[in-house]
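Fold and geometry: a report
Below are the chains, spelled out letter by letter.
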Amino acid sequence: MIDLSVLLGSGLRLKNPVMTASGTFGYGREYEPYLELNKLGAVVTKGLSLLPKPGNEPPRIVETPCGMLNAIGLENIGVEAFLSDELPALKAAQATVVVNFFGETIDEYEELAEILDQETGIDALEINISCPNVKAGGLQFGTDPRMAASLVTAVRRRTSLPLITKLSPNVTDIISIAMAVEAAGSDCVSLINTLTGMAVDLQSRKPVLANITGGLSGPAIKPIALRMVHQVARNVNIPVIGIGGISSTNDALEFLLVGATAIQVGTCNFVNPAITAEIAAGIETFLHESSISHISDFIGSLQLA
Amino acid sequence: MFLFPSTVLQLTELTPDTFRIRLSSPENFARQFIPGQFVMASVAGPSHLDPLLKRPFSICRLRPDGFELLIKVVGRGTEILQHMAIGTLLSLHGPLGNGYPVNVIGKDRKIMLVAGGIGIASIISLLDYCLEAAYPLKNINLILGARTSSELLYIDEFRQLTEKGLTLSIATDDGSRGHRGLVTDLVSRQLQNNAENNPIILSCGPLPMLTALGKLAVEASCPCYLSLESRMACGFGVCLGCVTRNKTKDEKHPWVKVCHDGPVFDAATLQL
């Protein structure tokens, strides 16, 4: 029997390291025709705000080589509708639930954390300090270590749930941000969010996206993500969740190898809605074939010498 | 709805930039299919990362061993598909979305089918359904629009159906066949001529055509259903990339998803 379970901080044990990346998995229920939600390490919801948000004007997405740009603009149903209309289905599916959330001010983050803390059926919170597509979507918190730390400190006071802080790659030094949120009490960090990018149309001479810029995701960003996860994992003592272009079991294993305790699959959920379950099964097969009985023996086993 | 590997069974060039591709499907695929629904199809092998995303295509016609898509080459993905070898395995997802409201179309109802360009793919699925369900062809009015006569697809087949009662009208931008001008000119004229017996309009085509058609339908108080096209990453309602504005909802919820709430919409609900 292979032990696939991983510990994200003190309070959150996942049955396997495969999570879904916020914004690519809806509120979970949408994927029930394709897989069993309780077979995943955790379901991470679309980012929630206090009030519903309409998001950006279309066009919102465009494909790019080995990836895509999106500027959805954090469209979401709001925390109230999530708790009444979506969370019950996740509970019924016995999924491990991580709620991703964001605000425009520290007060809003705090209020949300408090509301979510009072609910049963939520296993952890992921703070989005890094969405690149809205001016007030938390990015100002995600690019400055002091701001990031003060936000995490404030949220930490309002909840005893395990806290994951999701980091932006659009910074000069991601390690300093990771260390700052660790010091402020974050139980984990997840990285990377999308890289800010752009596409233009030569014929119309206009940007392709109505928002002009968007977040680049998909296999195109995997080497950057792997490098950042590797660097952060070597510099913090809290668990790191690796995200960025994971499209196969091998991709997931690479992130675990460089030190990620868990991984999140994002864009590839769109291409193959069953991919997360397939990767979870694939990791188990790999460990079995490699005669590794505990996944923790594999995590961070990168040979540098 | 299925996620399945599908074999390219046949590929036929119809014009220099349109082709028909026949794909294999699981056994119960046809039973689930509602005309107007679509599939998401990979344009590369399962482990290829580029192009990454599946593409949405209207299902044109069911076949005993699968189904056919009718595709116009508009970019890199469709160009790759155009040159796909017979026997290639693609990754498919579908049928997806909501089709035309076939269960509310009474057999005594006048039906106006309006297809612009490659929009004919979706309209053929509906016409096939009407034939299969023995709708009287004398009640069906098929109006086709294209840039030029050589881009009118399946025209011989439609002409044969006119002998059994189907009404067929054609508009081309250059006047090389039928009315010179827009397909909506024909719709407008026909609605005026039959003001006392309004049809239900069902249409697929370019957005400007659908927008004009929606307005005509409102003016004539005709029920009208439009099949929209959009770029989409997922096809099942999660990426939120294919939204379009909805007339009936408040500013907090201004959008509907083309993939999940459509692709066929009641024209009265859309802000086109």
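Reading guide: rules and limits
Residue positions within a chain follow its written sequence, with the count starting from 1. Chain A is the first chain written and ligand 1 is the first ligand written, with later ones labelled in order. This being a predicted model, a pLDDT of at least 70 is required before a residue's local features are given, and a value of 80 or more before pairs of side-chain atoms are given or counted; all residues contribute to the totals for chains, interfaces and linings. As a convention, hydrogens and water are excluded, and side-chain values are obtained from all of the structure's heavy atoms. Strands are treated as partners if at least two bridges between them are detected by DSSP. Per the convention used, a helix needs a DSSP run of H or I reaching at least four residues, while a strand needs a run of E reaching at least two, with both numbered from the N terminus. Note on contacts: a residue pair is in contact if any heavy atoms of the two residues lie within 4.5 Å. Only the stretch in contact is used when fitting a helix axis, every axis being a line fitted to C-alpha atoms; angles between N-to-C directions are given from 0 to 180 degrees. A 1.4 Å probe that fits but cannot get out identifies a cavity on a 1 Å grid over protein atoms alone, an open set with protein on both sides within 12 Å along at least five of seven lines counts as a pocket, and a residue lines either if it has an atom within 4 Å of a point. Grid points are joined across faces, edges and corners, and a volume is the space filled by probe spheres set on the points. Residues belong to a common nonpolar core when they are buried Ala, Val, Leu, Ile, Met, Phe, Trp, Tyr or Cys residues joined through side-chain atoms within 4.5 Å. Summary of the burial criterion: residues with accessible area below 20% of their type's maximum are buried, those above 50% are exposed, and those between are partly exposed, where the area comes from a 1.4 Å probe applied to protein chains only. Domain limits in this description derive from either an automatic procedure or a database domain assignment. Under the convention used throughout, the expected extent of a helix is 1.5 Å for every residue step, that is, one less than its residue count. The term salt bridge refers to a pairing of a side-chain nitrogen on Lys or Arg with a carboxyl oxygen on Asp or Glu at a separation within 4 Å.

Residue and element names in this part refer to chain A. The sheet built from eight strands is open, its strands ordered S3-S16-S15-S10-S9-S8-S7-S4 with parallel pairing. With one partner strand each, in any of the chains shown, strand S3 (18-20) and strand S4 (43-44) form the two edges of the open sheet. Two elements, S3 and strand S16 (residues 262-265), share three bridges in a ladder whose sense is parallel. Considered in S16, the bridge of Met19 is made with Gln264. Its contacts with the sheet put helix H9 (residues 275-289) on S3 and S16, and the angle it makes with S3 is roughly 170°.

Residues and elements named next belong to chain B. Taken in spatial order, the seven strands make up an open sheet running S10-S9-S8-S7-S11-S12-S15, and their pairing is mixed. Each having just a single partner strand, strand S10 (179-180) and strand S15 (264-266) make up the two edges of the open sheet. For strand S11 (residues 200-204) and strand S12 (residues 224-227), the ladder comprises four bridges, and the chain directions are parallel. Its bridge partner lying in S12, Ile201 is registered against Cys224. Its contacts with the sheet place helix H3 (residues 120-132) against strand S7 (111-116), strand S8 (140-146), S11 and S12, and it is angled at close to 155° to S7. Together, S7, S8, strand S9 (167-172), S10 and S11 form the strand contacts of helix H5 (residues 183-193), whose direction differs from that of S8 by roughly 155°.

Turning our attention to empty space enclosed by the protein. All names here are of chain A. Under the criterion given, the structure shown has two cavities of 30 Å³ or more. A volume near 500 Å³ is recorded for the largest cavity. Residue lining of the largest cavity: 38 residues in total, with Ser22, Thr24, Asn70, Asn193 and Thr194 positioned closest to the centre. Secondary-structure elements contributing two or more residues to the lining of the largest cavity are strand S6 (67-70), strand S14 (213-217), S16 and helix H8 (268-271). The space that makes up the second largest cavity amounts to roughly 60 Å³.

Met19(A), Leu191(A) and Ile283(A) are the most contacted members of the largest nonpolar core, which has 138 residues in total. The biggest single contributor to this core is helix H5 (residues 174-183) of chain A, with six residues. Summarising the domain contributions, this core has at least three residues from each of domain 1 (2-96) and domain 2 (102-230) of chain B. With residues up to four places along the chain from it excluded, the contact list for Ile283(A) reads Leu4(A), Pro17(A), Val18(A), Thr249(A), Ala252(A), Leu253(A), Leu256(A) and Ile295(A). Formed by 35 residues, the second largest nonpolar core is a distinct cluster that contains Ile120(B), Ala146(B), Leu202(B) and Cys204(B).

Before going further, it helps to examine helix H6 (residues 207-219) of chain B. In an α-helix, one turn spans 3.6 residues, which is why side chains three or four residues apart end up on the same side. Residue and element names in this part refer to chain B. Its 13 residues place the ends of H6 18 Å apart at the C-alpha level, agreeing with the 18 Å of an ideal helix rising 1.5 Å per residue. Every buried residue belonging to H6 is among Met209, Leu210, Thr211, Leu213, Gly214, Leu216 and Ala217, and all of these are buried. Buried-residue contacts for H6 involve S7, H5, S11 and S12. With its phi angle positive at about 55°, Ser221 sits one or two positions after the end of H6.

To continue, consider the pattern of salt bridges. Residues and elements named next belong to chain A. Taken as a whole and judged by the stated rule, the model has 19 salt bridges over all chains. Among the salt bridges present, the one from Glu36 reaches Lys39, with a minimum N-O distance of 3.2 Å. Since its relative accessible area comes to 48%, Glu36 is described here as partly exposed. By relative accessible area, Lys39 is classed as partly exposed at 46%. A salt bridge links Lys222 to Asp251; the shortest N-O distance between them is 2.8 Å.

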